[in-house]
Every structure is written in structure tokens, then in C-alpha cells.
Amino acid sequence: MNELEADVLLSVTVLRPEEKLLGAALRARGVDVATVLPPDLGAIVRGGAAARLGLIRNVSHQQALSTARLLEHVGVQTLNRTSAIEVCGDKGLQALVFSRNGVPHPESHLAFSFAQVREAVAAFGWPSVVKPVSGSWGRGVTRMVNEECVDAWIGGRESADAAGKLFPVLVQEYVDKPGHDLRVVVVGAEPVVAIRRVSDHWRTNTTLGADVERVEVTAEMAKLCRGVTDLLGEGFYGVDLVEDRAAGALKVLEVNANPEFAKSSAVHGVDIAAAVADHVTAALALSSAH
């Protein structure tokens, strides 16, 4: 078998623990898996791909998006699909899609200039949040608590990005959460596990030191996740939910199309790789039936 001929092409930037677990779980179910690095795409595009599904796990959003697009154009179904990866990789686009389709989400404004950042922050009041439209692990997310914060943020950005090439940015209402947020892992259309990420810091990313504990998937969580998959299609997502302390209601903060799970699985005990492998196996069986 040619190394690029397989039931599943596992597209990666590097083989992280998550991708090793996914590959092992698929092979344990009798699925032929070929690992695909970015340079392998040339051969696939030139000769087509003898594969039935591409599992997109590239770290770079742009790399994931371009890989999924190329595979779909040569007739390979992808998980996640291109349209979902596009939305998940752009927080501004997510905010627009959620707003137009009734998914509860913090109120957000896209700002295309420093003046628009000032206007949006003034509209939301203190505190408010400014974040890049792409990125993960809480990088570049800034809480604005007064005018001096805005001045400092703009001064730093002007010196690093005088031409304004890093616009737009997302300006968002600050959600006063009760010391934690939630990550729900969705496989297909079903939430398979939920974790609470607890921190004294206002950013509750695990990469910033938040503690993780498993919680029950409630009906409210499941309803919000269903709203996400109704919009984006079935897939493999990390859905981040945040509770408004005052209102007591959950909102969808953002959706990740390439969720990490190796470290948190050791805490919550759910075999995420097995759940994904089962979903992929079922999808392959369904495609064979047609």
C-alpha cells in the first residue's frame, strides 16, 4: 500500500500526543491510517487521493483550512469540514455567525482601526475585552479596565503594527464568570465529556495554569452544543462555554475545531480518541453503504 493510500489520511503539522492516540485508536478498529505532513499534499493533489476521509489535525489554522480545502477538491471528505474549520479559526466570523443564528454569545464588535477599538470599548464600558480574531491558549487577549489600558494597548500595537495589518480585532463585552469556564468535547453531534477549568485569573485556559475537573453534561450544555453542530455540521469540536455570574446563563464563548485532549483525558477518564475513532468508523461504514 502506498503510504498516501489509506482509509484515513491523518493530516498533521507535527505528531502530538493527541494524534498518536487518534492513530492508534483508528488502527485498533482495523482502519488503515496514513499520516500526512504538509509536503505530502503535492503528491495527493497531483495524483488524487486514494482515501475516504481526511482527519484534519494541523496546528496552524491556515494550514488546516488549506489542507481541508485541497482534500475536499480531490474528493476526500474531511473531519472537520472546510466550512467549519473556517468559522472556528476566526473569532470575528464566529461572533457574526452566532449572532445571526441565535446562538447565545458575548456581544462582540469587529474593529478595523484603532478608532473603532476606542468606540467599541466605550460602548461596552469597563471592563471589556480585546482579542485577535485568530489564535489560541489565551494569547493576545487583553482586558481593558480604563482609558489608560486602551492607550497602552494602542501604543503597543502602533509600534508593532504601524500599517494596521493585524486588524480586524474583536472587541467583546466582559463576562463576569464565577472563577471558571467550561469545555465540552463534542464528537459527531454528541457531547462526550465536559470539564470545568478553574482559575483565580480572569483567563481560565489550562495552558495558563487552570485546574481541570470533570462535570456532568447538563441539558443546557447539550442544547448549546446542538446549536453549534446544527450550524457547523457534525465534527470534532471543543466548545467553550462561559457562565454570566449575574444572569446565571451559559453562553458559547468560542468553538475550537482542533481540540487538545491528551492531558485533560488523564483527569476526566473519557477516551476521546476512541470516541473519535468510533465516529470515523461509522462514517466510513456509511459511505461504503452508499
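Cut-offs used in this document
Residues numbered from 1 in each chain as written. Predicted model: local features only at pLDDT ≥ 70, side-chain atom pairs only at ≥ 80, totals over all residues. Heavy atoms only, no water. Helix = DSSP H or I, 4+ residues; strand = E, 2+ residues; numbered from the N terminus. Expected span 1.5 Å × (residues − 1). Contact = heavy atoms within 4.5 Å. Pairing = 2+ DSSP bridges. Axes fitted to C-alpha atoms, helices over the stretch in contact; angles between N-to-C directions. Polar contact = N/O pair within 3.5 Å; in protein donor to acceptor, adjacent residues only side chain to side chain. pLDDT = per-residue confidence, 0-100.

Asks: Looking at this structure, I do not really get helix α8 (residues 219–232). What am I missing?
Replies: Think of an α-helix as 3.6 residues a turn; residues three or four steps apart then line up on the same face. Spanning 14 residues, α8 covers 20 Å between terminal C-alpha atoms, matching the ideal 20 Å at 1.5 Å per step. Looking at the packing, one finds that the buried side of α8 touches α4 (82–88), β9 (180–188), β10 (190–198), β11 (211–215), β12 (235–243) and β13 (250–256). At the C-terminal side of α8, Gly233 shows a positive phi close to 95°.

Asks: Teacher, can you tell me more about the sheet that holds strand β3 (residues 53–57) here?
Replies: Two modes of strand pairing occur in sheets, parallel and antiparallel, and in both the strands are linked by backbone hydrogen bonds. A sheet is described by the order of its strands in space; here four strands give the open sequence β2-β1-β3-β4, paired in parallel fashion. Two strands close off the open sheet at either side, each with one partner strand: β2 (33–36) and β4 (77–79). In this sheet, adjacent strand axes meet at a mean angle of 25° when their direction is disregarded. As paired elements, β3 and β4 share three bridges and run parallel to each other. The partner of Gly54 across the bridge, within β4, is Thr78. The sheet strands contacting helix α1 (residues 17–28) are β1 (8–12), β2 and β3, and the helix crosses β3 at an angle near 155°.

Asks: What is the right way to read the sheet that holds strand β5 (residues 108–111) from this model?
Replies: In space, the four strands of this open sheet follow the order β5-β8-β6-β7, with antiparallel pairing throughout. The open sheet has two edge strands with one neighbour each: β5 and β7 (142–144). Looking at each pair of strands side by side, their axes are set apart by 25° on average, direction ignored. Note that strand β6 (residues 128–132) and β7 share three bridges and pair antiparallel. Bridge assignment links Val130 to a residue of β7, and that residue is Thr142. In the packing of helix α7 (residues 147–160) onto the sheet, the strands contacted are β6, β7 and β8 (169–173), and the crossing angle to β7 comes to about 140°.

Asks: Quick question: what am I supposed to make of the environment of Val267 here?
Replies: Here Val267 shows up in helix α9 (residues 262–268). Note: C-alpha distance between Val267 and Ala84 (183 residues apart in sequence) is 28 Å.

Asks: So what exactly am I meant to see when it comes to the environment of Asn58 here?
Replies: In this fold, Asn58 is placed in the loop between β3 and α3 (61–73). With 20 residues separating them in the primary sequence, Asn58 and Pro38 have C-alpha atoms 8.9 Å apart. In this view, Asn58 contacts Ser11, Val12, Thr13, Gln63, Ala64, Thr67 and Asn258; residues no more than four positions away in its chain are not counted. A distance of 2.7 Å separates the side chain of Asn58 from the side chain of Ser11, its partner in a polar contact. A distance of 3.4 Å separates the side chain of Asn58 from the backbone oxygen of Val12, its partner in a polar contact.

Asks: Would you take a moment to explain the confidence of the model for the protein for this structure?
Replies: For residues with low pLDDT, the predicted coordinates do not support detailed interpretation. With 94% of its residues at a pLDDT of at least 70, the protein reaches an overall mean of 92. Averaged over each element, pLDDT in the protein is lowest for helix α2 (residues 41–47) (84) and highest for α1 (98).

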